[in-house]
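# Per-entry structural report
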Amino acid sequence: MSDLLRDFVGDWHALVLLVVVGAIPNQIWRMLGVWLGGGLDEGSDLLMWVKAVATAILAGVIAQILVEPPGALASVPTALRYGALVAGFAAFVLMRRSILAGVVCGEVVMLAGKWWLG
Amino acid sequence: MPLPPIDSPTWISAFRTFLWGMSSVRETILAAVLFATYVGIGALAHDTYFSLGWTLLGTLLVWAGPAQIIVITTLGSGASIVQSALAVTISAVRLFPMVVSVLPLMRSPETKRWQLILPAHFTAVTLWVECHRFLPQVPRERRIVFVNGLGCGLLCISLSANLVGYVLAANLSQTFASAILLLTPLAFLFSTARNSRGLADVLALVLGLVLYPLASLMNSGLDILVSGLVAGTIAFGVHKWREGP
């Protein structure tokens, strides 16, 4: 039982890191919203720049998962990983920006490709 | 199950209002997207060697998909703590205007500031969209309870999805496990693309995708930040330039 618990909790350093790197830097902005509320110009240049950088960072993380794939994803050939993403994007655009269509198409292409390659 | 009329006496019960908020998650297609996203995050955390408890706690404490995948991928790839924290905080700035714009929908003159902390914690793109849809049908003095219920409902969906993704990644064959891992980039790419309205957003998305592989060649430990800052700044610059002086 204690083994199960230990596996569930894992390394406590990682839990501390989660709070320091994940929770606090993220929650600061929500709490600022509560305390400062109002008095914010949504169209301001600063906010627009921040939004563009945030979008680019997220895009970078998406690229990172494809370029340096974790775990099982590494078993999928590079060309197929990109191919699945491109096919999914085509479906997303064709189906009037449907997230579901994009995800399903990307997954089907990846699975079909893997099956075909053996 | 439609919500009762706004003047119905049943709204008086805080408990029932909470339950209505919670069960409203069944009425939204966004819940399906949320589920797929969090299945992906669970699988990603598993294959990056984080524990199940860590993964669930992350969803509970952070409650923002982009921040969570940034934490998992950057820490998992051995990036510095400073870079991870900076990337997370930049990704989270968007929550500030969301909170600022959503809280007035549920605030009344009697509302205490501490009552807004939990709704602010639940605020992320899904809740933000659903608040604009549901809250007009809820009496103002009951909205905070309703939103807390809605947030808890979304949280339950995400925690179960984490569990499913984590367990599947641990037990499925390599092919199916990789299909689940692919959910994260697909779901995030398309939901970001869907939310990209202006030229600056679209350019930032495209440049960010293209520049990261280049930045990663530097192997600086700050690759994500460098590519994000460069791509985002170029996108913003082009937008300003097109707009004219």
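Residues numbered from 1 in each chain as written. Chains lettered and ligands numbered in written order. Predicted model: local features only at pLDDT ≥ 70, side-chain atom pairs only at ≥ 80, totals over all residues.

## What to know about the overall build of chain B
Operational definition: Numbering of helices and strands runs from the N terminus; a helix is a DSSP stretch of H or I covering at least four residues, while a strand is a stretch of E covering at least two. Only the C-alpha atoms count toward the radius of gyration. The rule for a globule is 2.2 Å times the residue count to the power 0.38. Buried means a residue has 20 or more other C-beta atoms within 10 Å of its own C-beta, exposed means 12 or fewer, and partly exposed covers the counts in between; C-beta atoms are placed from the backbone. Each residue is represented by a C-beta atom placed from its backbone, and any two residues with such atoms within 7 Å are regarded as in contact.
When its secondary structure is counted, chain B shows twelve helices and zero strands. From first element to last, N terminus to C terminus, chain B shows the α and β order α-α-α-α-α-α-α-α-α-α-α-α. Against the globule reference of 18 Å for 245 residues, chain B gives a C-alpha radius of gyration of 20 Å, in line with a compact fold. Seen through its C-alpha atoms, chain B measures out along the principal axes to roughly 65 × 60 × 30 Å. Expressed as a percentage of its 245 residues, the buried residues of chain B come to 54%. Sequence-distant contacts in chain B: of pairs separated by 6 or more residues, those separated by 24 or more amount to 74%.

## Re helix α2 (residues 30-47) of chain B
Residue and element names in this part refer to chain B. Cut-off, in case you're wondering: What a helix should span is 1.5 Å times the count of its residues minus one.
If you check α2, its first and last C-alpha atoms are 26 Å apart, about what 18 residues at 1.5 Å a residue would give, namely 26 Å. Counted residue by residue, α2 has 14 buried out of 18 residues, so it is predominantly covered. Just downstream of α2, Tyr49 is the residue with a positive phi angle, here 70 degrees.

## Focus on the interface of chain A and chain B
What counts here: Under the convention adopted here, Pro, Cys and the residues Ala, Val, Leu, Ile, Met, Phe, Trp and Tyr are nonpolar, Asp, Glu, Lys and Arg are charged, and Gly plus all remaining residues are polar.
Contact with chain A, which involves 67 residues of that partner, is made by 87 residues of chain B. Mapped by element, the contributors of at least two residues to the side of chain A that touches chain B are α1 (2-9), α2 (12-36), α3 (45-67), α4 (78-94) and α5 (99-117) of chain A. The element that contributes the greatest number of residues to the side of chain A that touches chain B is α3(A), accounting for 21 residues. Each residue belonging to the side of chain A that touches chain B can be placed in one class, and the counts come to 45 nonpolar, 14 polar and eight charged.

## So, the packing of α4(A) against helix α10 (residues 174-195) of chain B
Going by this rule: Helix axes are fitted to C-alpha atoms over the stretch in contact, other axes to C-alpha atoms as well, and angles between N-to-C directions run from 0 to 180 degrees. Should the near helix be turned anticlockwise from the far one by less than a right angle, the crossing is left-handed, and should it be turned clockwise, the crossing is right-handed.
At their nearest, the axes of α4(A) and α10(B) sit 11 Å apart, and the two run at 35 degrees to each other. The chirality of how α4(A) crosses α10(B) is right-handed. Residues A:Ala84, A:Leu85, A:Gly88 and A:Phe92 of α4(A) touch α10(B), and the partners they reach there are B:Leu182, B:Pro185, B:Leu186, B:Leu189, B:Phe190 and B:Ala193. A breakdown of the residues in the contact of α4(A) with α10(B) according to their chemical character gives nine nonpolar, one polar and no charged.

## Concerning the domain arrangement of chain B
All names here are of chain B. So the rule is basically this: Note: domain ranges come from an automatic or database domain assignment.
Structurally, chain B comprises domain 1 (11-184) and domain 2 (196-245). Inter-centroid distance (C-alpha atoms) of domain 1 to domain 2 is 26 Å. The partner domain 2 presents four residues to the six residues of domain 1 that form the contact. Looking at which element gives the most residues to the side of domain 1 that touches domain 2, the answer is helix α5 (residues 81-92), with three residues. For the side of domain 1 that touches domain 2, a count of residues per class yields three nonpolar, three polar and no charged.

## Topic: unusual backbone geometry
The phi angle of most residues is negative, glycine excepted, and most peptide bonds adopt the trans form. In this model, A:Arg97 sits at a positive phi of 55 degrees, which is unusual for a non-glycine residue. Residue classification places A:Arg97 among the partly exposed residues on the basis of 15 C-beta atoms within 10 Å. In this structure, B:Tyr49 takes a positive phi of about 70 degrees despite not being glycine. On the secondary structure map, B:Tyr49 appears in the loop between α2 and α3 (52-61).

## Some details on the packing of α3(A) against α10(B)
To describe two helices that pack against each other, one gives the angle between their axes and the distance between the axes. Where we set the bar: Each angle receives one of four descriptions, namely roughly parallel if under 35 degrees, roughly antiparallel if over 145, roughly perpendicular if within 65 to 115, and oblique otherwise.
Here α3(A) crosses α10(B) at 155 degrees, and the two axes come no closer than 9 Å. Our classification of the angle between α3(A) and α10(B) gives roughly antiparallel. Where α3(A) crosses over α10(B), the two elements pack in a sense that is left-handed. Touching A:Thr55, A:Leu58, A:Ile62, A:Ile65 and A:Leu66 of α3(A) are B:Thr184, B:Pro185, B:Phe188, B:Leu189 and B:Thr192, all from α10(B). Of the residues assigned to the contact of α3(A) with α10(B), the class counts are seven nonpolar, three polar and no charged.

## Quick look at the nonpolar core
As a reminder, the rule being used: The nonpolar core criterion groups buried Ala, Val, Leu, Ile, Met, Phe, Trp, Tyr and Cys residues into a set whenever they are joined through C-beta atoms within 7 Å.
By size, the foremost hydrophobic cluster in this structure holds 114 residues, and its most contacted members are A:Ile62 and B:Ala204. The dominant element in this core, judged by the number of residues it contributes, is α3(A), at 13 residues. When near neighbours in sequence (up to four residues on either side) are disregarded, A:Ile62 contacts B:Pro185, B:Phe188, B:Leu189 and B:Leu209.

## Some words on the confidence of the model for chain A
Applicable threshold: What pLDDT expresses is the predictor's confidence in each residue, scored from 0 to 100.
Chain-level statistics for chain A give a pLDDT mean of 89 and a share of 94% at 70 or above. Taking the mean pLDDT of every element in chain A, the minimum, 85, falls on α1(A) and the maximum, 95, on α4(A).

## Quick notes on the confidence of the model for chain B
On average, residues of chain B score 90 in pLDDT, and 99% of them are at 70 or above. Of the two predicted TM-score estimates for the complex, the pTM is 0.85 and the ipTM is 0.85.

## Points about the environment of B:Gly151
All names here are of chain B. Relative to the elements of secondary structure, Gly151 occurs in helix α9 (residues 143-171). The exposure class of Gly151 is buried, given the 25 C-beta atoms found within 10 Å. Residues Gly151 and Met22, 129 residues apart in the sequence, show an inter-C-alpha distance of 7.2 Å. Non-local contacts of Gly151, meaning those with residues more than four positions away in its chain, are made with Pro119, Phe122 and Leu127.

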